[in-house]
Amino acid sequence: MPEEPPESVGRRVLRLRTERGLTQRQVAEPAYTPAYISTLEAGRVRPSEAALRHIAERLDVTYEELATGQPAHLATDLRLRLTEAQRALATGAASEAAELYRALGAEAAGHGLHAEHAAAELGLGECALETGELNSARGHFDTADALLTEAGAPLPQRAPVIRARAVAHYLSGSLRYACYLLESAVDDLNTSGLHDPDALVLLYTASIAPYMDMGAHARAAQAAELALALAPRVGDPAVVAQMHRSVARTLLAEGKVTEADASLAKAAELYQQLQIRTELAHCHWMRGYVHAQAGRLTDAETELRTARDMLSAKRAALYTQQVEVELADVLRRLGRPREAAELLRSLLGEIGPERGAVHAAGAHRLLGLIAQESDAVEEAEEHYVNALSLLERAGAAGDLADLCRLLGDLYRRSGRIEAALDTYRTGLGHRAAPGTTTLGPAPARPPL
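None of the values given here were measured: they were computed from a predicted structure.

Draft legend 1. Just the overall build of the chain, in detail. Scanning the chain from terminus to terminus reveals 23 helices and zero strands. Viewed in the frame of its principal axes, the chain has a C-alpha envelope of about 100 × 40 × 35 Å. Accessible surface, the chain as shown: approximately 20100 Å² in total, 51% of it carbon and sulfur. Side chains of the chain give 47 positive and 60 negative charges; the mean places of these two sets differ by 1 Å.

Draft legend 2. How the structure looks around the confidence of the model for the chain. Residues with a pLDDT of 70 or more make up 93% of the chain, whose mean pLDDT is 87. Within the chain, the lowest mean pLDDT, 74, falls on helix α5 (residues 63-68), and the highest, 95, falls on helix α19 (residues 337-347). The model gives residues 1-7 a pLDDT under 50, and that stretch makes 20 contacts with residues more than four places away or in other chains. A low-confidence stretch, residues 432-439 stays under pLDDT 50, and its non-local contacts, those more than four residues away or across chains, total 18 contacts.

Draft legend 3. Fine view of the UniProt feature "domain: HTH cro/C1-type" (unreviewed entry) in the chain. Using the residue numbers shown here, the UniProt feature "domain: HTH cro/C1-type" (unreviewed entry) corresponds to residues 13-66. Here residues 13-66 is 67% helix and 0% strand, with 7 Å between the C-alpha atoms at its ends.

Draft legend 4. A look at the nonpolar core. Counting residues in each nonpolar core, the largest one holds 119 residues, and the members touching the most others are L129, L171, L203, Y204, L344 and Y384. Non-local contacts of L203, meaning those with residues more than four positions away in its chain, are made with A159, I162, R163, L182, A185, V186 and L189.

Draft legend 5. Quick peek at unusual backbone geometry. The amide bond that connects E29 to the next residue, P30, takes the cis arrangement and shows omega of 5°. The topology assignment puts P30 in the loop between α2 (24-28) and α3 (34-41). A positive phi angle is found at R315, which is not glycine, with a value near 60°. By the secondary structure assignment, R315 is in the loop between α17 (297-313) and α18 (317-333). On the basis of relative accessibility, which here comes to 48%, the residue R315 falls in the partly exposed class. Phi at D375 takes a positive value of approximately 65°, unusual for a residue other than glycine. Relative to the helices and strands, D375 resides in the loop between α20 (357-373) and α21 (377-394).

Draft legend 6. Broad picture of helix α22 (residues 397-413). Along its 17 residues, α22 runs 25 Å from first to last C-alpha, staying within 8% of the 24 Å computed at 1.5 Å per residue. What α22 keeps buried is the set A397, L400, A401, L403, C404, L406, L407, G408, D409, L410 and Y411. Trailing α22 by a residue or two, G415 shows a phi angle of about 85°, which is positive.

Draft legend 7. Highlighting the pattern of salt bridges. The final tally for this structure, using the stated rule, is 34 salt bridges. Where D329 meets R332, a salt bridge forms, and the shortest distance between an N and an O atom there is 3.9 Å. A residue pair is termed a helical-turn pair when its members lie 3 or 4 positions apart in one helix, as D329 and R332 do in helix α18 at three residues. R393 is paired through a salt bridge with E354; the nearest N and O atoms lie 3.3 Å apart. Taken together, the residues R393 in helix α21 and E354 in the loop between α19 and α20 connect sequence positions 39 residues apart. Accessibility assignment for this pair places R393 and E354 in one class, exposed. Each member of the salt-bridge network shares a partner with another, and the members are R365, D402, R405, D409 and R412.

Draft legend 8. Region of interest: the packing of helix α12 (residues 197-213) against helix α14 (residues 237-253). Their axes nearest at 9 Å, the elements α12 and α14 cross at an angle of 30°. Relative to α14, α12 is oriented so that their crossing is left-handed. Residues D198, V201, L202, T205, I208, A209, M212 and D213 of α12 form the contact with α14, whose own contacting residues are V239, Q242, M243, S246, V247, R249, T250 and A253. Taken together, the residues of the contact of α12 with α14 sort by class into nine nonpolar, four polar and three charged.

Draft legend 9. Summary view of the environment of E19. The residue E19 is located in helix α1 (residues 6-20) in this model. It is 9.7 Å that separates the C-alpha atoms of E19 and L59, two residues lying 40 residues apart in sequence.

Draft legend 10. Structural detail: the packing of aromatic side chains. Following the criterion strictly, the structure yields two aromatic pairs and no others. Relative to Y36, the ring of Y32 has its centre 5.1 Å away and its plane inclined at 25°; by these criteria the two rings are stacked. Between the aromatic rings of Y177 and Y180, the centroid separation amounts to 5.8 Å while the plane-to-plane angle is 25°, which identifies the pairing as stacked. Within this pair, Y177 and its partner Y180 are both found in helix α11 (residues 175-191), separated by three residues, close to a single helical turn. Note on Y177: relative accessible area 34%, which makes it partly exposed. By relative accessible area, Y180 is classed as partly exposed at 45%.

Cut-offs and rules
- Residues numbered from 1 in each chain as written.
- Predicted model: local features only at pLDDT ≥ 70, side-chain atom pairs only at ≥ 80, totals over all residues.
- Heavy atoms only, no water.
- Helix = DSSP H or I, 4+ residues; strand = E, 2+ residues; numbered from the N terminus.
- Areas by Shrake-Rupley, 256 points an atom, 1.4 Å probe, with all protein chains shown as cover.
- Lys, Arg positive; Asp, Glu negative; His and termini not counted.
- Charge placed at Lys NZ, Arg CZ, Asp CG, Glu CD.
- pLDDT = per-residue confidence, 0-100.
- Contact = heavy atoms within 4.5 Å.
- UniProt positions renumbered as here; feature names shortened; annotations may be inferred.
- Core = buried A, V, L, I, M, F, W, Y, C linked by side-chain atoms within 4.5 Å.
- Buried < 20%, exposed > 50% of the residue type's maximum accessible area, 1.4 Å probe, protein only.
- Expected span 1.5 Å × (residues − 1).
- Salt bridge = Lys/Arg side-chain N within 4 Å of Asp/Glu carboxyl O.
- Axes fitted to C-alpha atoms, helices over the stretch in contact; angles between N-to-C directions.
- Left-handed = near helix turned anticlockwise from the far one by under 90°.
- Nonpolar A, V, L, I, M, F, W, Y, C, P; charged D, E, K, R; others polar.
- Phe/Tyr/Trp six-rings, centres within 6.5 Å; stacked < 30°, edge-to-face > 60°.

Now the structure itself:
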């Protein structure tokens, strides 16, 4: 049965019949009478589905077009154009892709196509992520989730939006809430029997970064293990590529540098085939990090500069700034502290508590190290304290312990023993429960 008022359907039947030059008898027979068509067109009867299907056939339109007023194949056409917008985002500037998504979203909304409207909102959110407009991104993602929920979309269909919401909160410094969103969705999928491999891998993969930053290495490793086990059943190559890129971080944390590099190579190959430039830049970024951890600083600088140039060309502002923090670390270790400090100071006005909090803390930490190495103790302390505040606010326990050691050592060398002890205790407190997020038990495992 159509959900819209019968008057709308009746007027539509009248319009289509008149356009085709048909009489009420020609539309009605053999199943119905001309009087029934007349009553329907006047809005005095609510047609059954069977009646609408009969009338649609006589008027040479689809049942959906007659029942909803949507042009035939509109949804299919919109989905094709959404794919074009997605390609524009992958290969070009986010601002240009946003224009396409905005027009498609308005068109889908006008025709009541919730799924396509949600896809356009998801695309607009992804564009806002690239340009670093995190508040805007969260708004678009929330709208997309509300549209899908209202339309009764199953949880696997909502998974990309949930993942996007979590990423936006993670980049905004809300690590714990990002984990909550992802863990809740994983639990719902596994406990309700909706064991969709694409959805699960997408969610497990997205949880790795916040887990690592929170110091929950055991959960990150478990998420990587489960994602790898499900990967052979995943149909979307972009999801597989994303998984390999994220899993590399857990491998690196375990000291498996060669395996991490191989995982990144797989991701880069897939992204190259898919022509997704932002994600390919992330692979160069991660490979730079791998090289830096292995002490190959010249190679690290090359990869990080490549990543920065690619992201800058895409006008992906926040990601570019995050790469520059890691590039500054490499420059400092290469014996170029002045160049590193200049780069970091130019970033501090761009990233902060609600925009790249973990990397903002990293910038302050590096400036503290540079100041300390030049015996500017007060300046070093100020940067360490700023970094500590950012990490505590974000819940990034993974880096807090190391920062507390640096600040505690600084206090101890300047004779402030009590302050040093308090700072060391703070660091130990954050290392007290490795592998947990204080969010309760780990998500349910899928039946593999």
